[in-house]
Amino acid sequence: MTLLAGIDFSCNPSRTKPVTLATGRVLGAVLHLEDLAAMPRLSQLEDWLRTPDPWLGAFDFPFGLPRAFVDANGLGTSCAEVIAAVHARCPTRMAWRAFIDAWGNTQPAGARLLHRRTDRESGVGSTSPLQTRYVPVGFMYFEGVARLVASGVSMPGLLQGDPHRVALEGYPRRLAHAIVARRSYKNGDDDDRRAAREAIVATLESGADRFGLALCIGGTALRASLVADASGDRLDAVLCLVQAAIASRLPRYGLP
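The model shown is predicted, which means the values in this text are computed figures rather than measured ones. (Residues numbered from 1 in each chain as written. Predicted model: local features only at pLDDT ≥ 70, side-chain atom pairs only at ≥ 80, totals over all residues. Heavy atoms only, no water.)

**Student:** Hey, could you run me through the overall build of the protein in this one?
**Tutor:** When helices and strands are counted, the protein shows eleven helices and seven strands. Against the globule reference of 18 Å for 256 residues, the protein gives a C-alpha radius of gyration of 18 Å, in line with a compact fold. Its C-alpha atoms give the protein principal-axis dimensions of about 50 × 40 × 35 Å. For the protein, with 256 residues in total, the buried portion stands at 48%. Counting every atom, the protein has about 11900 Å² of accessible surface; 53% of that belongs to carbon and sulfur. The averaged location of the 25 negative side-chain charges in the protein is 4 Å from the averaged location of its 29 positive side-chain charges. (Helix = DSSP H or I, 4+ residues; strand = E, 2+ residues; numbered from the N terminus. Rg over C-alpha atoms; globule rule 2.2 N^0.38 Å. Buried < 20%, exposed > 50% of the residue type's maximum accessible area, 1.4 Å probe, protein only. Areas by Shrake-Rupley, 256 points an atom, 1.4 Å probe, with all protein chains shown as cover. Lys, Arg positive; Asp, Glu negative; His and termini not counted. Charge placed at Lys NZ, Arg CZ, Asp CG, Glu CD.)

Laid out in structure tokens, this is it:
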């Protein structure tokens, strides 16, 4: 059975804000959550990406940039070309922010932080891949995609690499939205957010009819940690894992 993974990404991980890796396997109509690992260094993720055993992972960061921005700046026509051009022109995250800001300052109000078409199609308001403040999605693209390309994985629709190591763009908020609508479940331990996390976990556990798979969490302590984690990062990794499992059963991983 192919190993499935869900990755809640941090562009600048630490012990208090690590990259979180959820792994599991599907048996019948059950997705078994096997492990939740914390990676406080990006080098640990780099090592995992090169794991030779077959895996399919969903990563919580954007795999691309808005087409108008790419074309306006002549960044290239493929995923590998664009990320290479970005790093050639911007050797650091701060240089990348300055590049985006300089371009944005030439644009009319309301057109500085563009979205991709897929962001709009998701049905859930997502952050622009050009945003480098507040939720630094632009930094996540900068750090994350470069590592995927360097590791030689396949990114369906974007990059042909090792067919046994497949990376998909995940979006845990979309799956959470399908369960608790617009209720907030992250970045707080108030009763409402904790109840939302509990509702998400319970729905995933009983979700065979709804999602085609039911999540099986090994151990009460592991389950409790998903609800207790006020950041929501552990739960986001599991939501990405579920998205990877759903995609694994679809032709072309669900790509249109």
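**Student:** Explain the environment of V227 here, please?
**Tutor:** Along the polypeptide, V227 turns up in helix α10 (residues 220-228). Non-local contacts of V227, meaning those with residues more than four positions away in its chain, are made with R194, R197, E198 and V201. (Contact = heavy atoms within 4.5 Å.)

**Student:** Is there a simple way to explain the packing of aromatic side chains in this structure?
**Tutor:** The relative placement of two aromatic rings is captured by the distance of their centres and the angle of their planes. In this structure the tally under the stated criterion is twelve aromatic pairs. Centre to centre, the rings of F61 and F63 are 5.4 Å apart; their planes meet at 45°, and the pair counts as tilted. Residue classification places F61 among the buried residues on the basis of a relative accessible area of 3%. Residue F63 is classed as buried on the basis of its relative accessible area, which comes to 5%. The interplanar angle of 35° and the centroid separation of 6.4 Å between the aromatic rings of W96 and Y141 together place this pair among those described as tilted. Taken together, the residues span a long stretch of sequence, with W96 in helix α4 (residues 93-104) and Y141 in helix α6 (residues 137-151) at a distance of 45 residues. Just as W96 is buried, Y141 falls in that class too. Through a chain of ring-to-ring contacts, three or more aromatic side chains come together here, namely F9, W48, W55, F59, F61 and F63. When the ring centre of F139 is taken as origin, the NZ or CZ atom of R93, which lies over that ring, is 5.9 Å away. (Phe/Tyr/Trp six-rings, centres within 6.5 Å; stacked < 30°, edge-to-face > 60°. Lys NZ or Arg CZ within 6 Å of the ring centre and 35° of its normal.)

**Student:** Please clarify how the sheet that holds strand β6 (residues 162-169) should be interpreted in this entry.
**Tutor:** Remark on secondary structure: sheet strands pair via backbone hydrogen bonds, oriented parallel or antiparallel. On the basis of which strands lie adjacent, the open sheet formed by seven strands has the order β5-β6-β4-β1-β2-β3-β7 and mixed pairing. Of all strands in the sheet, those bounded by a partner on one side alone are β5 (153-154) and β7 (214-217). Pairing between strand β1 (residues 3-8) and strand β2 (residues 19-27): five bridges, direction antiparallel. Bridge assignment links D8 to a residue of β2, and that residue is T20. Packing against the sheet, helix α11 (residues 233-248) makes contact with β1, β2, β3 (30-39), β4 (55-59), β6 and β7, and its axis sits at approximately 140° to β1. (Pairing = 2+ DSSP bridges. Axes fitted to C-alpha atoms, helices over the stretch in contact; angles between N-to-C directions.)

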